[in-house]
Amino acid sequence: METIPKTNAITHKRNEDGLQPKYRQYNLWEVDNQKPMTTAEWSETAVPLPRPPKSELENPVANVTIASHAHLFDIKTPINIDVFQSLLSLHPNRPFVESVLAGLWEGFWPWANTLSPLLPLSHTQEPNGHYEEAHLSFFHDQLKHELERGCYSSSLGNTLLPGMYSMPIYAIPKPGSTDLRLVNDHSAGPYSLNSMIDHSLVTGYPLDNLHQLGDMLLDLHVLTPGLDLVMWKSDIAEAYRMCPMHPLWQIKQAVRIDGEYYINRGNCFGSSTSFAIFVSVNSLVAWIAKNDRGVSSLITYVDDSSGPSIATDKLFYELYDTCLPFPQVALLRLWDE
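Keep in mind it's a predicted model, so treat the numbers as computed, not measured.

Visitor: Lay out helix 10 (residues 326–336) with the relevant residues and their values.
Guide: Within helix 10, the full set of buried residues consists of P327, Q328, V329, A330, L331, L332 and L334. Where helix 10 is buried, its residues meet helix 4 (81–87), strand 5 (229–235), helix 9 (274–292), strand 9 (304–310), strand 10 (314–317) and strand 11 (322–325).

Visitor: If you had to explain the packing of helix 5 (residues 94–106) against helix 9 to someone new, which residues and values would you point to?
Guide: The relative placement of two packed helices comes down to the angle between their axes together with the axis-to-axis distance. Running from N to C, helix 5 and helix 9 cross one another at 120°; their axes reach a closest spacing of 10 Å. As far as their axial angle goes, helix 9 and helix 5 are oblique. Note on packing geometry: the crossing formed by helix 5 with helix 9 is left-handed. Facing F96, V97 and V100 of helix 5, the residues of helix 9 in contact are S280, V281, S283 and L284. Along the lines of polarity and charge, the residues of the contact of helix 5 with helix 9 split into five nonpolar, two polar and no charged.

Visitor: Can you tell me about the pattern of salt bridges, naming the residues and giving the values?
Guide: Side chains bearing opposite charge may pair, as long as their charged atoms lie close to each other. Within this structure, the stated rule accounts for 13 salt bridges. Across the pair D292 and R293 runs a salt bridge whose closest N-O atoms are separated by 2.8 Å. Owing to a relative accessible area of 44%, D292 belongs among the partly exposed residues under this scheme. Shared partners join several salt bridges into a network, and the residues in it are E146, R149, E238 and R241.

Visitor: Summarise the nonpolar core; cite the residues concerned and give the values.
Guide: Ranked by size, the top nonpolar core spans 63 residues in total, and within it F84, F108, W111, M164, Y205 and W249 carry the most contacts. Elements supplying a minimum of two residues to this core: helix 1 (39–42), helix 3 (60–68), helix 4, helix 5, helix 8 (247–250), strand 7 (260–263), helix 9 and helix 10. For this core, the element with the highest residue contribution is helix 9, accounting for 12 residues. Among all residues touching W249, those that are not within four sequence positions of it are W109, P110, A112, T114, L193, M196 and I197. Residues F138, Y152, V255 and I257 belong to the second largest nonpolar core, which totals 10 residues.

Visitor: Explain the packing of helix 9 against helix 10 to me, using residue names and the numbers behind them.
Guide: Close contact between helix 9 and helix 10 brings their axes to 10 Å; oriented N to C, the two are set at 130°. Classified by the angle between their axes, helix 9 and helix 10 sit oblique to one another. Considering the relative orientation of helix 9 and helix 10, their crossing is right-handed. Listed contacts from helix 10 to V285, I288 and A289 of helix 9 are L331, L334 and W335. Counted by class, the contact of helix 9 with helix 10 contains six nonpolar, no polar and no charged residues.

Visitor: Outline the sheet that holds strand 9, supporting the account with residue identities and numerical values.
Guide: One open sheet holds the three strands; their spatial order is 5-9-8, and the pairing between them is antiparallel. Since the sheet does not close on itself, it has two edges, and those belong to strand 5 and strand 8 (299–301), each with one partner. Shown here is a sheet whose adjacent strand axes are inclined to one another by a mean of 20°, direction ignored. Examined bridge by bridge, strand 8 and strand 9 share three bridges and lie antiparallel to one another. Pairing of T300 across the sheet is with S305, part of strand 9. Along the sheet face, helix 7 (residues 210–223) touches strand 5, strand 8 and strand 9 and points at about 20° away from the line of strand 9.

Conventions used here
Residues numbered from 1 in each chain as written. Predicted model: local features only at pLDDT ≥ 70, side-chain atom pairs only at ≥ 80, totals over all residues. Heavy atoms only, no water. Buried < 20%, exposed > 50% of the residue type's maximum accessible area, 1.4 Å probe, protein only. Helix = DSSP H or I, 4+ residues; strand = E, 2+ residues; numbered from the N terminus. Contact = heavy atoms within 4.5 Å. Axes fitted to C-alpha atoms, helices over the stretch in contact; angles between N-to-C directions. Parallel < 35°, antiparallel > 145°, perpendicular 65-115°, else oblique. Left-handed = near helix turned anticlockwise from the far one by under 90°. Nonpolar A, V, L, I, M, F, W, Y, C, P; charged D, E, K, R; others polar. Salt bridge = Lys/Arg side-chain N within 4 Å of Asp/Glu carboxyl O. Core = buried A, V, L, I, M, F, W, Y, C linked by side-chain atoms within 4.5 Å. Pairing = 2+ DSSP bridges.

Quick look at the structure:
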């Protein structure tokens, strides 16, 4: 019982058995610790991703709209699915692999039920407030970019078709940057897209953390005593957008810009299932990197991949015209492939 001066507090380690400083949380490393599963290893036991249920496939309203306006709906991904499938030929978890490949070929399904009698046939959720001029300019730039990549359909006019939904979009600054990110607010309003999703089924998808990193650093230190180590990191641009959505979900992803509607064909930032879908794809990429490309120490955190390496173990990477750590170059070349 004493007055503490107004300065930064000093943390004193508690030595009693079973007590550890709270700031360390689960980041404790011991010789006989059981190592947590990495994202790549998780793919070997993951449950398959869902396909649209029979009730959705037989939805008469959605099917008529999709069939009569087929040019609005398409499956677009920059991933070379044939190469991806070939590289996964030895993966032991075939049901999971096949479900991810089906999602890339036919579009992913977000664990949703769109057929509740409480839901309106079509719905536009208005945004909160008014857009600033800078945000409108950003929306136009983003629209041009998405149209060029085929991730947005051409305009379907100023009226939604039967079965279509449109959620508001916003321009949000990226963390630590003045650059903007397009966010689709799938939680907006009483008839939000996220409210159609069974959230209990999209939990438990992996994020590698400092625990795995600590284990990898310790293992590499034991194998290479006295050698300097480095950390490397690379991230995937527009990662979620690589994953196409099924047309029966695309119909719920109309985006309104300047009064006109466009179908958003891809997995988007703002859906409660976006992470689960992307990490399922990326877990298989990480598995290939680990089991086929010699990247034994790999941390996968959403779209960021990183790991430790021996400082002198470098390769020349042609696209960047520079030498980088061996595992980083191996992963970049896999991404290119």
